[in-house]
Amino acid sequence: MTNRIRELRARDNLTQSDLARKVGVRRETIVFLEKGKYNPSLKLAYDIAQVFNLTIEEVFLFDPE
Amino acid sequence: MQQNRWNIRKATFIAVLAVSVLVTMIFWFVRSGATLDFAGSSIMIIQFVVLAFAIIVVFRRLKSAKQNLPAEDEMSKGILRKSAATAYYVSLYMWLAFMFFEDRIELERSTLIGAGILGMAVIYALSWIYHSYIRKSHD
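Student: It is not clear to me how the packing of helix α2 (residues 16–23) of chain A against helix α3 (residues 27–34) of chain A should be interpreted in this structure. Could you clarify?
Tutor: Geometry of a packed helix pair, given as the angle between the helix axes and the separation of the axes. All names here are of chain A. Relative to each other, α2 and α3 sit at 110°, their axes nearing to 8 Å. With respect to each other, α2 and α3 are oriented roughly perpendicular. Residues Gln16, Ser17, Leu19, Ala20 and Val23 of α2 touch α3, and the partners they reach there are Arg27, Ile30, Val31 and Glu34. In terms of residue class, the contact of α2 with α3 is made up of 5 nonpolar, 2 polar and 2 charged.

Encoded structure:
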């Protein structure tokens, strides 16, 4: 699974700490999410999508393979 | 804000605990008149590793509190769970090895048990480091 968090953060001028604060996680979690090394829970994915006013599918891109 | 205060309190508690363990260790060592032979110095080194781990945890918590971020979240809790599971399996093998070498090592039973408990703490610390920094995926 890939995601557009880095791109959307840049669009909204948010730092990793800002996003972490908004969704209530540690900054390291955002770092690992952006690197694709961590798949978030459904709740965290939803919270992140909410921050960017998008749906989960628009932020997280599922690769069937 | 409430979360932040809780983080600082928890970090302070861990720091006080770590310092009290260190002071007790030094006090016990000085009072007992024990010498730093191989076994004694090994246990001392292991104890310092455990304390260093506690200090790292305190710094991480204080750093998060300073940035107004939670000290724990779903990923860090997952890492703790995986570290505990790995440490449990490895510790079983460590105790098996201790049982095997029990007759061959000239150590008192209480010292052996103490070394085992410290060994478990070290295995947990190493497991946490592996899952936090070395393992490629955190899923």
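Student: Where do I start with helix α4 (residues 42–51) of chain A in this structure?
Tutor: Residues lying three or four places apart along an α-helix face the same way, a consequence of the helix completing one turn every 3.6 residues. Every buried residue of α4 of chain A is accounted for by Leu44, Ala45, Asp47, Ile48 and Ala49 of chain A. Looking at the buried residues of α4 of chain A, the elements they touch are α1 (5–11), α2, α3, α5 (56–59) and β2 (60–61) of chain A together with α3 (74–101) of chain B. Downstream of α4 of chain A by one or two residues, Asn53 of chain A has phi in the positive range, about 55°.

Student: How should the interface of chain B and chain A be read in this particular structure?
Tutor: Quoted interface sizes are often the accessible area lost when the parts come together. Contacts between chain B and chain A engage 17 residues on the former and 16 residues on the latter. Between chain B and chain A, roughly 1,400 Å² of surface is buried when both sides are summed, and carbon and sulfur atoms account for 47% of that area. The largest contributions to the chain B side of the interface with chain A come from Leu69, Glu74 and Met75 of chain B, which together make up 37% of the buried area. Here chain B and chain A share 0 salt bridges between them. Here chain B and chain A share 6 residue pairs in polar contact (both at pLDDT 80 or more) between them. When contributions to the side of chain B that touches chain A are tallied by element, the ones reaching two or more residues are α2 (38–66) and α3 of chain B. Looking at the side of chain B that touches chain A element by element, the count peaks at 3 residues for α3 of chain B. Tallied by class, the residues present in the side of chain B that touches chain A amount to 4 nonpolar, 7 polar and 6 charged.

What counts and what doesn't
Residues numbered from 1 in each chain as written. Chains lettered and ligands numbered in written order. Predicted model: local features only at pLDDT ≥ 70, side-chain atom pairs only at ≥ 80, totals over all residues. Heavy atoms only, no water. Axes fitted to C-alpha atoms, helices over the stretch in contact; angles between N-to-C directions. Helix = DSSP H or I, 4+ residues; strand = E, 2+ residues; numbered from the N terminus. Parallel < 35°, antiparallel > 145°, perpendicular 65-115°, else oblique. Contact = heavy atoms within 4.5 Å. Nonpolar A, V, L, I, M, F, W, Y, C, P; charged D, E, K, R; others polar. Buried < 20%, exposed > 50% of the residue type's maximum accessible area, 1.4 Å probe, protein only. Buried area = accessible area lost by both parts, 1.4 Å probe. Salt bridge = Lys/Arg side-chain N within 4 Å of Asp/Glu carboxyl O. Polar contact = N/O pair within 3.5 Å; in protein donor to acceptor, adjacent residues only side chain to side chain.

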